[in-house]
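Spelled out, the chains give:
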Amino acid sequence: GPAVWAVGAGIGVNVDGSTELDGRCCSQLGHNRDVPVTVTAVELAAHLRRLRRSIPGTIFFAIDGECGAGKSTLANWLADTLGGATVVCLDDFARPTIPGWDRQRMIRQVLGPLRVGRPGRFSVDWATDAGAEWHDVPTGGVVIVEGVSATWQDLAARWDLTVWVSTPGDVRLMSGLARDSDAMRRQWLDVWMPEEDAYVADERPAERADFLVVGA
């Protein structure tokens, strides 16, 4: 979806690209705390840089949020800002024969191999439910997985960092229809948004996230 978050509100960016938050430890920024901390995209990028310096190997980062919240835009902005990051969109794991997206295939083709130091590789064509172009996910960098229900609890132990993008429903609907056309309004209102409401009620992803990024 389109960007709905402020990239640098209230954050001083230094000449070297760091921010005034770079001196804080992870616990002060909310990582692995009981209550998530609201941050801007710049603060999030600064924290990911610190993680990349302190954790050897691949960094696993999940961006969750409802449809139209701005997850894809945030993920792509972070990848461009960090350099060397790979974005994996969960829409590429959706299939017409299963609800939501194929979590087991995601584990088998991406998260599982990366966890043991092997590159990930995935492919699917949603319309035909068959193989299509292959996408490689290299080891050693930041892997940004973005999509609705990215932080599903059966995947919780696989993330080094999680964020929930919180955007009002009317803004999300407007963004979605601008992308998908008004012909999809009933699909949004009758199918996708109720499904996402059920996920939020059952899984409480915003409460479990390390950080919150607030849309407008």
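This one's a predicted model, so the numbers in the text were calculated from it and none came from an experiment.

Enquirer: Any chance you could explain the packing of helix α1 (residues 41-54) against helix α2 (residues 71-82) here in plain terms?
Expert: The axes of two packed helices give the description: the angle between them and the distance between them. At their nearest, the axes of α1 and α2 sit 10 Å apart, and the two run at 50 degrees to each other. Classed by the angle they form, the pair α1 and α2 counts as oblique. Crossing geometry of α1 relative to α2 is assigned as right-handed. Along the contact surface, α1 presents A41, V42, L44, A45, L48, R49 and R52, while α2 presents L74, W77, L78, T81 and L82. Taken together, the residues of the contact of α1 with α2 break down into nine nonpolar, one polar and two charged.

Enquirer: Got a minute to help me understand the confidence of the model for the protein chain in this structure?
Expert: Do not read the predicted coordinates in detail wherever pLDDT is low. Overall, the predicted model of the protein chain reaches an average pLDDT of 80, with 77% of residues at or above 70. Mean pLDDT across the secondary structure elements of the protein chain bottoms out at helix α4 (residues 169-180), with 86, and peaks at strand β6 (residues 142-146), with 96. Note on residues 1-31: pLDDT under 50 across the span, and 71 contacts to partners over four residues away in sequence or across chains.

Enquirer: Help me understand the sheet that holds strand β8 (residues 211-214) in this model?
Expert: If you trace the six strands from one edge of the open sheet to the other, you get β1-β8-β7-β2-β6-β3, paired in parallel fashion. The open sheet terminates on both sides in strands that have one partner only, identified here as β1 (37-38) and β3 (85-89). This element, α1, spans β1, β2 (59-65), β6, β7 (161-166) and β8 of the sheet and lies at about 170 degrees to β7. Where α2 meets the sheet, it contacts β2, β3, β6, β7 and β8, and its direction lies at approximately 155 degrees from that of β2.

Reading guide: rules and limits
- As a convention, each chain's residues are numbered from 1 in the sequence order in which they are written.
- Confidence filtering applies because this is a predicted model: local features only for residues at pLDDT of at least 70, side-chain atom pairs given and counted only at 80 or more, and all residues used for totals across whole chains, interfaces and linings.
- To obtain the side-chain values, all non-hydrogen atoms of the structure were used and water was disregarded.
- As a rule, the C-alpha atoms of each element are fitted with a line to give its axis, helices using only the stretch in contact, and angles between N-to-C directions run from 0 to 180 degrees.
- Only DSSP runs of H or I reaching four residues or more are called helices, and only runs of E reaching two or more are called strands; each is numbered from the N terminus.
- Any angle between 65 and 115 degrees counts as roughly perpendicular, while under 35 counts as roughly parallel, over 145 as roughly antiparallel, and the rest as oblique.
- Note: crossing handedness is left-handed where the near helix turns anticlockwise from the far helix by less than a right angle, and right-handed where it turns clockwise.
- Any pair of residues with heavy atoms lying within 4.5 Å of one another is described as a contacting pair.
- Note on residue classes: Ala, Val, Leu, Ile, Met, Phe, Trp, Tyr, Cys and Pro are nonpolar, Asp, Glu, Lys and Arg are charged, and everything else, Gly too, is polar.
- Here pLDDT means the predictor's own confidence in every residue, given as a number from 0 to 100.
- Each pair of strands is called paired provided DSSP finds at least two bridges between the two strands.

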